[in-house]
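# Secondary and tertiary structure notes
In case you want the letters, here they are:
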Amino acid sequence: AIVAEHYTKALEGFTALKDRQRMANAEIGLGTTYYMKDDQASREHYKKAIDILETLSDQYSLASALHGYGNSLFMVGDFGASIEAYTRAIEILGKVGTTAGVAGLRQAMGRVQREQGDYEAALESYKQSLANFDTLDPATQWSGLKGLGDVYRAQGRFDLSLEQYARVLGYAQAKNDQQWI
């Protein structure tokens, strides 16, 4: 509640100043704050951020808002709209020439596709997310491998699933990352 209050006050101040960039950032912050607590509020704040950012030149923030919006749509089972939001974010990042964030978006798509039972598409999304494995941060690497393992498990391909989980465990042990061990 305290975080939401601070973002709300910031939003009021930025609105008074007509600072649309910071207004959008505050809306993203509110969307993130309400994520998994109040799905409707989360979606509304992300949507407001998207509406503002579509009028500005900050395409990276627009992609970020679309990613959050897609996540909030996933939480309420609106899988088609979620995939659309992720796809649009990936397209935007491609146009601005950055790969930062694309792996996470592909993993989010894989999660939706797995939930829908479209395992082949989910595998493809997770594999695409890991295409530049060595350039990804460890959490993104491990999340992608775990996602692959989850899809293989859902398919009943337990040998491949365990192989991915073992890779994650090996990497986490090498880094002594207790969160993943």
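Above this text sits the structure in question.
To keep things clear, this report deals only with the structure shown in the data block. (Residues numbered from 1 in each chain as written. Predicted model: local features only at pLDDT ≥ 70, side-chain atom pairs only at ≥ 80, totals over all residues. Heavy atoms only, no water.)

## A look at the packing of helix H5 (residues 79-96) against helix H6 (residues 102-116)
- Where H5 meets H6, the closest approach of the two axes is 10 Å, and the angle between their N-to-C directions is 160 degrees. The pairing of H5 with H6 is recorded here as roughly antiparallel in orientation. At the point where H5 passes H6, the crossing takes the left-handed sense. Contact residues: H5 offers Phe79, Ser82, Ile83, Tyr86, Thr87, Ala89, Ile90 and Leu93, while H6 offers Val102, Leu105, Arg106, Ala108, Met109, Arg111, Val112, Gln113, Glu115 and Gln116. (Axes fitted to C-alpha atoms, helices over the stretch in contact; angles between N-to-C directions. Helix = DSSP H or I, 4+ residues; strand = E, 2+ residues; numbered from the N terminus. Parallel < 35°, antiparallel > 145°, perpendicular 65-115°, else oblique. Left-handed = near helix turned anticlockwise from the far one by under 90°. Contact = heavy atoms within 4.5 Å.)

## A look at helix H2 (residues 20-34)
- When the terminal C-alpha atoms of H2 are compared, their 21 Å separation across 15 residues agrees well with the 21 Å that a helix rising 1.5 Å per residue should span.
- Buried within H2 we find Met23, Ala24, Ala26, Glu27, Ile28, Gly29, Leu30, Gly31 and Thr33.
- After H2 finishes, the residue Met36 shows a positive phi value of roughly 70 degrees. (Expected span 1.5 Å × (residues − 1). Buried < 20%, exposed > 50% of the residue type's maximum accessible area, 1.4 Å probe, protein only.)

## A word on the side chain of Ser125
- Along the chain, Ser125 falls in helix H7 (residues 119-129).
- On the accessibility criterion, Ser125 (5% relative accessible area) is buried.

## Some remarks on a nonpolar patch on the surface
- Taken together, the side chains of Met36, Met75 and Val76 define a hydrophobic patch exposed on the protein surface, amounting to about 270 Å² of accessible area.
- Its place among the elements puts Val76 in the loop between helix H4 (59-75) and H5.
- Given a relative accessible area of 39%, Val76 falls into the partly exposed group. (Patch = residues over 30% accessible without salt bridge, like charges linked within 9 Å, V, L, I, M, F, W, Y side chains within 5 Å. Areas by Shrake-Rupley, 256 points an atom, 1.4 Å probe, with all protein chains shown as cover. Salt bridge = Lys/Arg side-chain N within 4 Å of Asp/Glu carboxyl O.)

## What about the packing of H6 against H7?
- Two elements in contact, H6 and H7, have axes whose closest approach is 8 Å; the angle formed by their N-to-C orientations is 165 degrees. By the angle between their directions, the pair H6 and H7 is classed as roughly antiparallel. Handedness of the H6/H7 crossing: left-handed. Taking contact as the criterion, the partners of Ala103, Arg106, Gln107, Met109, Gly110, Arg111, Gln113 and Arg114 in H6 are, on H7, Tyr119, Ala121, Ala122, Ser125, Tyr126, Gln128 and Ser129.

## Notes on the pattern of salt bridges
- Evaluation of the coordinates by the stated rule reveals six salt bridges.
- The shortest N-O distance in the salt bridge between Glu54 and Arg88 comes to 2.5 Å. Of this pair, Glu54 sits in the loop between helix H3 (39-53) and H4 while Arg88 is found in helix H5, placing the two residues 34 residues apart along the sequence.
- A relative accessible area of 30% means that Arg88 is categorised as partly exposed.
- The partner of Asp150 in a salt bridge is Arg153, with the nearest N and O atoms 3.6 Å apart.

## Looking at the packing of aromatic side chains
- Applying the stated criterion to the full structure yields three aromatic pairs.
- Consider the rings of Phe74 and Phe79, whose centres lie 5.6 Å apart with planes at 40 degrees: the pair is tilted.
- Residue Phe74 is classed as buried on the basis of its relative accessible area of 13%.
- An angle of 40 degrees between the planes, with centres 5.7 Å apart, marks the rings of Phe133 and Tyr171 as tilted. Of the two residues, Phe133 is situated in the loop between H7 and helix H8 (138-154) and Tyr171 in helix H9 (residues 158-175); the sequence distance between them amounts to 38 residues.
- Across the ring face of Phe74, the terminal group of Arg111 is positioned such that the distance to the ring centre comes to 4.0 Å.
- If you follow Arg167 out to its NZ or CZ, it ends over the ring of Phe133, 5.8 Å from the centre. (Phe/Tyr/Trp six-rings, centres within 6.5 Å; stacked < 30°, edge-to-face > 60°. Lys NZ or Arg CZ within 6 Å of the ring centre and 35° of its normal.)

## Here we look at unusual backbone geometry
- With a phi close to 60 degrees, Lys18 is a non-glycine residue in the positive phi region.
- Here Lys18 lies in the loop between helix H1 (2-17) and H2.
- Its relative accessible area of 70% is what places Lys18 among the exposed residues.

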